[in-house]
Amino acid sequence: MADKESLISVESIDASRFVPKNKTDSKLPCSFATGFILFWVLLFFAVVIPFFYRLPTALMLEDAQENEFIAERAYKDLYTLSNIGNKLTGSKQNEVDAVNFILGQLAEIKDNLQSDYFDMEIDLSQVSGSFGSGTTLNVYLAVQNIAVKLTPKQSSSQSYLLVNSHFDSKPATWSAGDAGFMITVMLEVLRVIATTKQHLEHPIVFLFNGAEEIGLLASHGFVTQHKWAPNCKAVVNLDAAGSGGREILFQTGPNHPWLVEYYKKYVKHPFGTTVAEEIFQAGIIPSDTDFRQFRTYGNIPGLDMGQCFNGFVYHTKYDLIDVIPRESFQNTGDNVLSLVRALANAPELYDTKAHETGHTVYFDFLGLYLFNYSESTGTILNCGIAAASLIFIFISMWRMTAVSNVSFSQVACWLTLVLVVQVICFVLGVVLPLIVAQLFDNWGLSLTYYSTPLLVIGLYVCPSLIGLSLPLTIYFAVQRNDKISNGYHVQLALHAQAIILTLLTIGLTVIGIRSTYIVVIPLIFYVIPLALNLLTTLHDRSYAWASLLKISQIISFLYSSYVVYTFVVVLTPMGARAGSASNRDLYIAVLAAVGTVLSFGFLVPLINTFRRPSFVILALIGITALSMFLASSTQLGFPYRPKTSGQRVSYLQVRNIFYDYDGTLSKDESGYLFSFQDRREETPFSTKVNLTGLVSLKESCEQHMLCGMPLYEHRYVANRFQSKWLPRQEPVVPPELTTLTLQNRTIVNATTIRFEFKLEGPTFMNLFIQPEEDVTLFDWAFGSSSDIEPTRDLPYIIYIVMGADRSPLFFYLEFSKQNGNFNVPLFQLGVAAHSIQNEGDAESKKFAASFPPYSILAQWPALYLRYIF
């Protein structure tokens with residue numbers, strides 16, 4: 001129990017020691033404000049940016065030592081694998097060349113195996129299967145997996161660790177980054193472990209899968225059918241949405257926090273955050289990984305890691321080894337090697353269900369250290385900091401009443417008033433960047449920052465700062481309250497900001513958002529200096545309290561700006577491949593606004609400790625105006641550059657052939673089907689390419705099943721109403737023959753009829769099935785038809801992918817009709833056949849050559865056959 005003399009009492013405070021008689025404070029010169037602002041700008045560029053891009057020194061072959069990952073060896077492997085070319089599922093490059101390369105490397109590793117310590121099994125398999133989601137069924141035939149099991153001889157464990165990545169490619173890319181990089185990292189990790197004398201507790205299965213890009217197919221085949229799959233108890237999944245840089249941990253568990261604990265303890269270069277996990281699982285990222293298949297169909301917990309820098313080259317012809325530094329190999333290799341070793345010795349692997357204890361919160365600080373704690377601990381922490389914030393604000397107000405000889409109710413009224421002002425600041429800080437983003441979108445100028453990222457500062461950060469500062473500065477300019485000092489007024493404004501973040505913390509915690517920690521961090525580093533100031537006389541000495549606040553906010557600023565910059569780097573390239581339906585500028589504007597509010601929320605009010613704070617606001621307005629001019633009226637604002645940040649242009653060379661119920665030909669048309677990947681659609685190349693006759697596909701979509709077009713995959717389907725059609729006179733001649741043959745039509749019973757078909761065609765085909773209103777699809781050859789459900793807008797969609805085997809596909813469809821009248825049209829059947837890796841005929845090549853150099857084309861011939869049965 002404290003002595004009376006040690007307690008601070010109201011009566012013991014001599015106000016004259018701290019506050020001038022006129023209750024005002026002498027403000028710092030206006031020139032100091034420039035230094036104040038430059039300090040934070042320099043802190044970002046001198047600390048955050050270097051740490052964000054920091055990579056370890058790459059080890060060369062001459063540095064080779066037992067137990068170490070050698071970046072140069074992985075680099076050489078990728079050079080060979082990447083130079084095979086485009087490894088599309090079903091192509092010779094994927095099914096033969098890439099498979100032979102990987103098998104050759106595995107044979108070499110096996111030759112050098114520490115046979116006293118390990119057994120090594122190599123299993124090349126072909127797998128076929130299907131799985132459904134929504135209105136879509138994915139069917140795969142003879143896709144390939146290379147699985148390697150490294151079994152320690154001293155262990156009898158039947159719990160395996162799975163390490164997975166894929167070697168196949170999207171169309172038109174050599175896929176050095178996605179995911180050849182991870183394949184060669186896996187090879188080197190396997191090589192180091194298999195050739196080192198060491199004990200492991202559990203076997204490790206390395207899965208090199210050959211069909212990920214077109215629907216996560218090979219991983220589904222492995223986890224549902226492979227002999228080793230039931231023993232896999234945890235997975236480390238490796239993928240990419242970029243090329244080069246550090247890999248990010250962006251999915252964990254679920255509900256297995258021990259995995260993050262191992263990541264924290266053993267990974268040398270941590271980089272990950274719960275924010276990435278929640279953003280990814282919210283569907284904001286237009287990608288998916290094999291981790292979904294292992295989690296959904298195998299109930300295997302794990303860690304999902306991927307490269308995320310330089311997403312501009314992702315899935316393009318520029319995804320080459322040239323853009324990947326050796327240091328990236330070392331960074332990822334060090335991490336994966338340490339993590340795999342640790343998990344292969346984890347006792348938790350014996351019974352993972354016993355360690356299923358809930359979600360976790362995790363985040364790294366500048367790549368130096370990873371913080372992690374359970375979701376329940378996070379709830380306690382969030383509520384504790386929120387409570388501490390309110391308590392210390394109350395004590396501060398109590399001190400103000402004592403020093404200034406005013407009532408507590410008066411201070412409370414002033415706090416309420418400034419809280420209203422701060423709420424307005426907070427709202428404007430978020431809304432003004434959104435207004436700028438929407439204005440540019442309305443002007444047809446989306447993605448102006450795409451190749452000039454510094455424009456994000458002028459277009460979004462500065463408007464957010466204006467919103468945070470303008471109402472408060474006006475308030476301080478017009479308020480005439482001299483009953484308390486200006487220093488106290490500024491403190492009340494800061495308290496109001498803390499109250500806003502406190503309420504936000506409580507609200508986000510209640511709805512279960514684990515990423516709430518990003519709001520709590522600035523709050524923590526406000527509460528700490530507030531508590532220290534209250535323990536001393538600094539709280540009541542003019543602006544002396546601001547020194548501790550500025551120092552403490554350095555950590556908060558570093559983290560908040562670091563995590564938001566991460567997502568600006570990741571999401572900016574994704575804006576050019578997310579489809580034209582959504583305005584992705586709003587995402588970047590929100591990120592910039594959130595980053596500004598979190599980084600500067602407790603700093604912006606301090607400009608009112610300087611003379612003429614309006615100069616700061618005028619400077620921000622000037623920067624915003626200049627940035628808007630540069631973005632809208634100069635080449636800086638044009639989004640695309642050749643090679644480094646091009647425009648993705650996806651279109652098909654289409655031949656549409658429609659057959660009516662009686663078998664007669666009712667339509668035969670050719671043209672180009674554009675599925676635009678970004679908001680600007682055809683505008684950037686409309687003056688270079690002859691687009692005469694280009695029309696919206698919306699009317700056709702309203703009249704025909706799936707617009708009467710060979711929509712390639714789910715992005716084409718999702719973006720169909722924004723797609724456009726450019727007819728051409730010369731018919732497109734499909735380079736590969738596609739035939740659908742009705743082999744049998746059998747009435748099963750009074751209400752059921754069965755159709756049997758034979759389908760032959762290229763590697764990638766789709767079936768679209770739309771029964772008439774009084775007809776129900778009862779059964780089919782692809783498993784249970786109840787796996788997917790059509791909607792009023794979408795028919796049954798079946799994506800078919802053939803790997804190493806191109807044999808004809810035999811399938812049946814069974815329909816039921818209550819009145820038993822089968823002599824009328826029962827259903828429409830569409831067949832889409834895609835000849836990917838084919839440039840098309842001479843006219844198509846000429847058309848493709850007319851695009852500007854910043855256009856990155858993904859195009860091929862496609863045939864669509866529509867039947868009515």
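Residues numbered from 1 in each chain as written. Predicted model: local features only at pLDDT ≥ 70, side-chain atom pairs only at ≥ 80, totals over all residues. Heavy atoms only, no water.

Let's shift gears to the overall build of the protein chain. Per the secondary structure count, the protein chain includes 20 helices and 21 strands. Here the protein chain has a C-alpha radius of gyration of 31 Å; the compact-globule value for 869 residues is 29 Å, and the two agree. Across its three principal directions, the C-alpha atoms of the protein chain cover 100 × 70 × 55 Å. Across the 869 residues in the protein chain, those meeting the buried criterion constitute 60%. Within the protein chain, counting contacts between residues at least 6 apart in sequence, those at least 24 apart form 82% of the total. Surface exposure of the protein chain reaches about 33,300 Å², of which carbon and sulfur atoms provide 58%. Charge centroids of the protein chain, computed over 60 positive and 72 negative side chains, lie 8 Å from each other. (Helix = DSSP H or I, 4+ residues; strand = E, 2+ residues; numbered from the N terminus. Rg over C-alpha atoms; globule rule 2.2 N^0.38 Å. Buried < 20%, exposed > 50% of the residue type's maximum accessible area, 1.4 Å probe, protein only. Contact = heavy atoms within 4.5 Å. Areas by Shrake-Rupley, 256 points an atom, 1.4 Å probe, with all protein chains shown as cover. Lys, Arg positive; Asp, Glu negative; His and termini not counted. Charge placed at Lys NZ, Arg CZ, Asp CG, Glu CD.)

Quick look at the packing of aromatic side chains now. Considering all chains together, one arrives at 66 aromatic pairs under this definition. Their ring planes at 80 degrees and their centres at 5.7 Å tell us that Phe-44 and Tyr-565 sit as a pair that is edge-to-face. Taken together, the residues Phe-44 in helix 1 (residues 30–52) and Tyr-565 in helix 15 (residues 545–574) connect sequence positions 521 residues apart. Residue Phe-44 is classed as buried on the basis of its relative accessible area, which comes to 14%. Lying over the aromatic face of Tyr-75, Arg-326 brings its terminal NZ or CZ to 3.8 Å of the ring centre. (Phe/Tyr/Trp six-rings, centres within 6.5 Å; stacked < 30°, edge-to-face > 60°. Lys NZ or Arg CZ within 6 Å of the ring centre and 35° of its normal.)

Let's shift gears to the state of the cysteines. Taken as a whole and assessed by the stated rule, the structure comprises 1 disulfide. Each disulfide pairs two cysteine sulfurs, and for Cys-701 the partner residue is Cys-707, the sulfurs being separated by 1.9 Å. Taking the sign of the torsion about the S-S bond as the criterion, the disulfide between Cys-701 and Cys-707, at about 95 degrees, is right-handed. As far as the burial class goes, Cys-701 and Cys-707 line up, both buried. Among the cysteines around Cys-425, which has no disulfide bond, Cys-462 carries the closest sulfur, lying 16 Å off. (Disulfide = S-S within 2.5 Å.)

Across the sheet, 4 strands lie side by side as 14-15-19-17; this open sheet has antiparallel pairing. Taken across any chain shown, the strands that pair with only one partner, and hence form the sheet edges, are strand 14 (739–749) and strand 17 (776–780). On average, each strand axis in the sheet is inclined to that of its neighbour by 25 degrees, with strand direction left out of account. Summarising the sheet, strand 14 and strand 15 (residues 752–760) pair through 9 bridges and their orientation is antiparallel. Bridging from a neighbouring strand, Thr-741 pairs with Lys-758 of strand 15. (Pairing = 2+ DSSP bridges. Axes fitted to C-alpha atoms, helices over the stretch in contact; angles between N-to-C directions.)

With that out of the way, let us pick up the packing of helix 10 (residues 375–404) against helix 11 (residues 408–442). One way to put it is that helix 10 packs onto helix 11 with a least axis distance of 9 Å and a crossing angle of 125 degrees. Viewed along their axes, helix 10 and helix 11 adopt a mutual orientation that is oblique. The handedness of the crossing between helix 10 and helix 11 comes out as right-handed. Listed contacts from helix 11 to Ile-393, Phe-394, Met-397, Trp-398, Met-400 and Thr-401 of helix 10 are Phe-408, Val-411, Ala-412 and Leu-415. Here the contact of helix 10 with helix 11 is built from residues that sort into 9 nonpolar, 1 polar and no charged. (Parallel < 35°, antiparallel > 145°, perpendicular 65-115°, else oblique. Left-handed = near helix turned anticlockwise from the far one by under 90°. Nonpolar A, V, L, I, M, F, W, Y, C, P; charged D, E, K, R; others polar.)

Moving on to the side chain of His-539. With respect to the helices, strands and loops of the structure, His-539 is situated in the loop between helix 14 (517–535) and helix 15. On the accessibility criterion, His-539 (0% relative accessible area) is buried. For His-539, the side chain forms a polar contact with the side chain of Ser-396, separated by 2.6 Å. A polar side-chain atom of His-539 sits 2.8 Å from a polar atom in the side chain of Asp-540. When neighbours within four sequence positions are excluded, His-539 is seen to be in contact with Ser-396, Arg-399, Met-400, Tyr-488, Gln-491, Leu-530, Asn-533, Leu-534 and Trp-545. (Polar contact = N/O pair within 3.5 Å; in protein donor to acceptor, adjacent residues only side chain to side chain.)

Pairing analysis gives 9 bridges linking strand 10 (residues 647–659) to strand 11 (residues 665–674), with the strands arranged antiparallel. Within strand 11, the residue paired with Gln-653 across the bridge is Tyr-672. What sits between strand 10 and strand 11 in their antiparallel hairpin is a turn of 5 residues, with Gly-663 showing a positive phi close to 90 degrees. In terms of strand pairing, strand 11 meets strand 13 (residues 724–727) through 4 bridges, oriented antiparallel.

The next thing to look at is the environment of Phe-851. For Phe-851, the location among the structural elements is in the loop between helix 20 (842–849) and strand 21 (855–868). In sequence terms Phe-851 and Trp-414 are 437 residues apart; their C-alpha atoms lie 63 Å from each other.

If you trace the backbone, His-202 turns up in the loop between helix 4 (176–194) and strand 4 (204–209). Its relative accessible area of 0% is what places His-202 among the buried residues. Side-chain polar atoms of His-202 contact the backbone oxygen of Ala-346, separated by 2.7 Å. Not counting residues up to four positions away in its chain, the partners in contact with His-202 are Pro-152, Ser-155, Ser-157, Ser-159, Leu-343, Ala-344, Asn-345, Ala-346, Leu-349 and Tyr-350.

A few words on the packing of helix 15 against helix 16 (residues 585–600). Remark: helix 15 packs on helix 16, axes separated minimally by 8 Å, with the N-to-C direction vectors making an angle of 175 degrees. What the angle tells us is that helix 15 and helix 16 run roughly antiparallel. Contact residues: helix 15 offers Ser-556, Phe-557, Ser-560, Ser-561, Val-564, Phe-567, Val-568, Leu-571 and Thr-572, while helix 16 offers Ile-588, Leu-591, Gly-595, Leu-598, Ser-599 and Phe-600. In terms of residue class, the contact of helix 15 with helix 16 is built from 9 nonpolar, 6 polar and no charged.

Moving on to the environment of Phe-600. By secondary structure assignment, the location of Phe-600 is in helix 16. C-alpha of Phe-600 to C-alpha of Phe-557: the two residues are 43 residues apart in sequence and 7.2 Å apart in space. Setting aside chain neighbours within four positions, we find Phe-600 in contact with Trp-40, Leu-465, Phe-557 and Pro-605.

Okay, the pattern of salt bridges next. Enumeration over the complete set of coordinates arrives at 25 salt bridges. Ionic pairing is found between Glu-72 and Lys-76, a salt bridge with its closest N-O pair at 4.0 Å. Taken together, the positions of Glu-72 and Lys-76, both in helix 2 (residues 71–82) and 4 residues apart, correspond to about one turn of that helix. By relative accessible area, Glu-72 is classed as buried at 12%. Across the pair Lys-92 and Asp-97 runs a salt bridge, and its minimum N-O distance is 2.9 Å. When salt bridges that share partners are traced, they join Arg-73, Asp-77, Glu-188 and Arg-191 into one network. (Salt bridge = Lys/Arg side-chain N within 4 Å of Asp/Glu carboxyl O.)

Quick look at unusual backbone geometry now. Here the amide bond leading from Asp-178 into Ala-179 is cis, since omega sits at -5 degrees, within 30 degrees of zero. Position of Ala-179 among the secondary structure elements: in helix 4. Backbone torsion omega between Gly-253 and Pro-254 reads 0 degrees, so that peptide bond is classified as cis. By the element assignment, Pro-254 lies in the loop between strand 6 (247–253) and helix 6 (257–266). Although it is not a glycine, Leu-706 adopts a positive phi angle of roughly 50 degrees. Residue placement: Leu-706 occurs in the loop between helix 18 (698–703) and helix 19 (714–718).

Our focus in this paragraph is a nonpolar patch on the surface. Where nonpolar side chains cluster on the molecular surface, the patch consists of Val-423, Val-427, Val-431, Ile-435, Leu-439 and Trp-443 and spans about 480 Å² of accessible area. Residue placement: Leu-439 occurs in helix 11. On the basis of relative accessible area, Leu-439 is assigned to the partly exposed category, the value being 31%. (Patch = residues over 30% accessible without salt bridge, like charges linked within 9 Å, V, L, I, M, F, W, Y side chains within 5 Å.)

With 19 residues, helix 4 should reach 27 Å at 1.5 Å per residue; the first-to-last C-alpha distance of 25 Å fits that figure. Within helix 4, 19 of the 19 residues are buried, leaving the element largely enclosed by the surrounding structure. (Expected span 1.5 Å × (residues − 1).)

By themselves these figures say nothing about function.
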